[in-house]
Amino acid sequence: MPCTACRDGAAFDIAITMAFQPIVDVARRTVFAQEALVRGLDGSGAGAVLAQVSDANRYGFDQLCRTTAIEQAAALDMTASGAALSINFLPNAVYEPRACIRATLEAALRTGLPTHAIIFEFTENEALDTGHLLNILRSYRAMGFRTAIDDFGAGYAGLGLLTKFQPDIVKLDMDLVRGIDADPIKRSVVRHTLALLDDLGIRPVCEGIETAAEYAVLRDLGVTLMQGYLFARPVVNALADIVWPEDAAGDARAAVRAAG
């Protein structure tokens, strides 16, 4: 049975759809996952949709996003190539993990989308009850889902959370990536963060990559999972064609090494 908070939550009455942006494996030249990003059916962006989320309808919004992402991913046959579906969730919209997951599991079963192909990612840009968050993450892992921290390095949880739970994936905040080719401090921070994640057995994803020079530096640092406009922009209810960086990126790597 659903908990009282789940049962009594207001529905989210704005029609939504999903845009999908790939996370690519640049070593294998394959799509590792597709991240589902909420959009309004009227063409409005995520910000306009999220502005309509309140304490009363937060649960309904979170549930609608999950089921919409799963249904559209299945319709696009997203996982046929081995790619996963990455769904953003709101920890503050989850009251009891095993009760609040019912609609997600039903959607996955109904569409034939395997649960092991679903990644739940959350952003750490709002203050959270760490104990509650850990309960969610451990419950999701026990049910066979993968987990990811988004915007790592820009929020509240950070290193303290990693001492208590090691997610499958950590997505480095785009502010650490943007302009990394011209910023030795950023390169140092990212290099040491990557070493930490490797030591903990966590796969890093660098997001927000827009230039061949940023890509070249990250490849030199050993990053293989990347996301950003350099590869593909989000596409509404479709899978984008990937643009792989040209071999000329090697020249950018050489220029960065020469600059120190």
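All values derive from a computational prediction rather than experimental measurement.

Caption draft 1: Quick look at the pattern of salt bridges. Under the definition given, this model contains eight salt bridges. One salt bridge in this structure joins Arg141 and Asp168, with 3.8 Å as the shortest N-O distance. Of this pair, Arg141 sits in helix 6 (residues 130–142) while Asp168 sits in the loop between helix 7 (158–162) and strand 6 (169–172), and the two are 27 residues apart along the sequence. A relative accessible area of 37% places Arg141 in the partly exposed class. Note that Glu207 is salt-bridged to Lys171, the shortest N-O span being 3.6 Å. Taken together, the residues Glu207 in the loop between strand 7 (203–206) and helix 10 (212–220) and Lys171 in strand 6 connect sequence positions 36 residues apart. For Glu207, a relative accessible area of 6% puts it in the buried group. What you see here is one network of salt bridges that share partners, running through Glu35, Glu121, Lys171 and Glu207.

Caption draft 2: Quick peek at the environment of Asp55. Tracing the sequence through the fold places Asp55 in the loop between helix 2 (46–50) and helix 3 (58–75). Owing to a relative accessible area of 64%, Asp55 belongs among the exposed residues under this scheme. C-alpha separation for the pair Asp55 and Ala10, spaced 45 residues apart in sequence, amounts to 9.1 Å. Reaching out from Asp55, the side chain makes a polar contact with the side chain of Arg58 at a distance of 2.9 Å.

Caption draft 3: Here's a closer look at the nonpolar core. Core analysis: the biggest nonpolar cluster contains 59 residues, and Leu85, Tyr140, Ile209, Leu218 and Met226 have the highest contact counts within it. The element contributing the most residues to this core is helix 3, with six residues. Leaving out residues up to four positions away in the same chain, Leu218 has contacts with Val177, Ile180, Val190, Cys206, Ile209, Val223 and Met226. If you look at the next biggest cluster of nonpolar residues, it comprises nine residues, including Phe32, Ala33, Ile119 and Ala148.

Caption draft 4: Structural detail: the packing of aromatic side chains. Enumeration according to the criterion identifies nine aromatic pairs in this entry. Between Tyr215 and Phe231 the ring centres are 6.1 Å apart and the planes differ by 75 degrees, which places this aromatic pair in the edge-to-face class. Within this pair, whereas Tyr215 is found in helix 10, its partner Phe231 is found in the loop between strand 8 (225–226) and strand 9 (235–236), the two being separated by 16 residues in sequence. For Tyr215, a relative accessible area of 9% corresponds to the buried category. Among the aromatic residues, those joined into a ring-pair cluster are Phe89, Phe120, Phe122, Tyr140 and Phe145. The cationic tip of Arg233 hangs over the ring face of Tyr229; the distance from NZ or CZ to the ring centre is 3.9 Å.

Conventions used here
Residues numbered from 1 in each chain as written. Predicted model: local features only at pLDDT ≥ 70, side-chain atom pairs only at ≥ 80, totals over all residues. Heavy atoms only, no water. Salt bridge = Lys/Arg side-chain N within 4 Å of Asp/Glu carboxyl O. Helix = DSSP H or I, 4+ residues; strand = E, 2+ residues; numbered from the N terminus. Buried < 20%, exposed > 50% of the residue type's maximum accessible area, 1.4 Å probe, protein only. Polar contact = N/O pair within 3.5 Å; in protein donor to acceptor, adjacent residues only side chain to side chain. Core = buried A, V, L, I, M, F, W, Y, C linked by side-chain atoms within 4.5 Å. Contact = heavy atoms within 4.5 Å. Phe/Tyr/Trp six-rings, centres within 6.5 Å; stacked < 30°, edge-to-face > 60°. Lys NZ or Arg CZ within 6 Å of the ring centre and 35° of its normal.

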